[in-house]
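So you can see what is in the structure, the chains are spelled out below.
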Amino acid sequence: MTTADLGGAPGRTMPRWLRLSWLMGPGFVLVVLPFLGAMIMLAAYSLNYRDDNGMGLGGSIWREFLTDPFSWQVLWNSVRIAGLATIFTLIVAYPTAAALLKVRNRTWRTLAYVALFSPLLMSVVSRSYGWLLLLSDNGFVNQMFGALGLGPYRLIFNETGVIIAIVHVILPYAVLPILNIMTQVPPIYGEAAKDLGAGGWALFRRVTLPLTLPGVIVAAEIVFALSISAFVTPSLLGGGRVLTLSRLVYDNIGLVEWGLAAVQAIVLLATALAALFVLERMNRATHAGKGD
């Protein structure tokens, strides 16, 4: 088949910039343009775009947010919950990925993948309600503690329940990048370290972890971004007692306080981007260290 058969002139090919435009055009129109439009509207509302007093654009809403200790407390709550959820998710995801990597039987490996990733087929609302029942005062978890002579413990309507549920919801997103980087590590490195007398802990600390650290950082980026913007899980498991910035955005939209909601949404996005920037710098540093 020739170029002429494809409808083009013989001997001529489409310029590279035009090919890229055709390939990136649909994604740009469907993703980038709506995002830019939404950000422009958020910026306009945050600057009193619809001020009923006719004062025009101004920074009064920003001053109200930045000078309110309550806003900073809620922002800190959001960052702390997201940070703790990220740490605990990585602690669970790393050995989970390592265990999946060691499963050689195809049937058992398939069952393990189904058990790990099948919850993604359910809505976050259903999973959050499930944890609400499991962690309630008379739920399964407290009944197990009672059988051991412990508890009952207050596990819902506080940050403990919120973090437990977030870890469960976000876990598959952390396992994937860690498992991916683990499959790229040649087994010969571990074998060489064992031949040189490295024990299990030394092998993990000096070989396995440094080689898989880029995947861990990528997992942390995904988990933190999803955790800090989570709304359903903190609302249900927190019972209105655990305030996050995403919850305040929702409440202010319901109260038609669009200007304040816009400011809070922008601050939430900026906080997530700042954390992702720091993590990405760490990721680049690990790659630079390998290059040296």
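Residues numbered from 1 in each chain as written. Predicted model: local features only at pLDDT ≥ 70, side-chain atom pairs only at ≥ 80, totals over all residues. Heavy atoms only, no water.

## Overview of the domain arrangement of the chain
Domain annotation of the chain identifies domain 1 (1–36) and domain 2 (69–289). Computed from C-alpha coordinates alone, the two centres of domain 1 and domain 2 are separated by 39 Å. (Domains from an automatic or database assignment.)

## Observations regarding the pattern of salt bridges
In total, this model carries four salt bridges according to the counting rule given. With a closest N to O distance of 4.0 Å, Glu 280 and Arg 284 form a salt bridge. Here Glu 280 and its partner Arg 284 are both found in helix H12 (residues 258–291), four residues apart, which amounts to about one turn of the helix. (Salt bridge = Lys/Arg side-chain N within 4 Å of Asp/Glu carboxyl O. Helix = DSSP H or I, 4+ residues; strand = E, 2+ residues; numbered from the N terminus.)

## Thoughts on the UniProt feature "transmembrane region" (unreviewed entry) in the chain
Residues annotated by UniProt as "transmembrane region" (unreviewed entry) correspond here to residues 20–45, 81–101, 113–135, 155–176, 211–238 and 258–279. The span residues 211–238 carries 89% helix and 0% strand; its end-to-end C-alpha distance comes to 38 Å. (UniProt positions renumbered as here; feature names shortened; annotations may be inferred.)

## Concerning the environment of Leu 171
With respect to the secondary-structure elements, Leu 171 resides in helix H7 (residues 159–183). Separated by 146 residues in the primary sequence, Leu 171 and Gly 25 place their C-alpha atoms 33 Å from one another.

## Some remarks on the packing of aromatic side chains
Per the stated rule, a full pass over the model turns up six aromatic pairs. In this structure an aromatic cluster arises from ring pairing among Tyr 94, Trp 201 and Phe 204. (Phe/Tyr/Trp six-rings, centres within 6.5 Å; stacked < 30°, edge-to-face > 60°.)

## So, H7
In this model, H7 (25 residues) spans 35 Å end to end at C-alpha, consistent with the 36 Å of a helix rising 1.5 Å per residue. With a side-chain oxygen lying 3.3 Å from the backbone nitrogen of Thr 160, the N-terminal cap of H7 falls on Asn 158. (Expected span 1.5 Å × (residues − 1). Polar contact = N/O pair within 3.5 Å; in protein donor to acceptor, adjacent residues only side chain to side chain.)

## As for the nonpolar core
Of all hydrophobic cores here, the largest spans 35 residues; its most connected members are Val 175, Ile 178 and Leu 237. Elements with a contribution of two residues or more to this core: helix H3 (69–102), helix H4 (106–117), helix H5 (124–134), H7 and helix H9 (200–228). Those residues in contact with Leu 237 that sit more than four places away from it in its chain are Ser 128, Trp 131, Leu 132, Leu 135, Ile 156, Phe 157, Asn 158, Gly 161, Val 162 and Ala 165. (Core = buried A, V, L, I, M, F, W, Y, C linked by side-chain atoms within 4.5 Å. Buried < 20%, exposed > 50% of the residue type's maximum accessible area, 1.4 Å probe, protein only. Contact = heavy atoms within 4.5 Å.)

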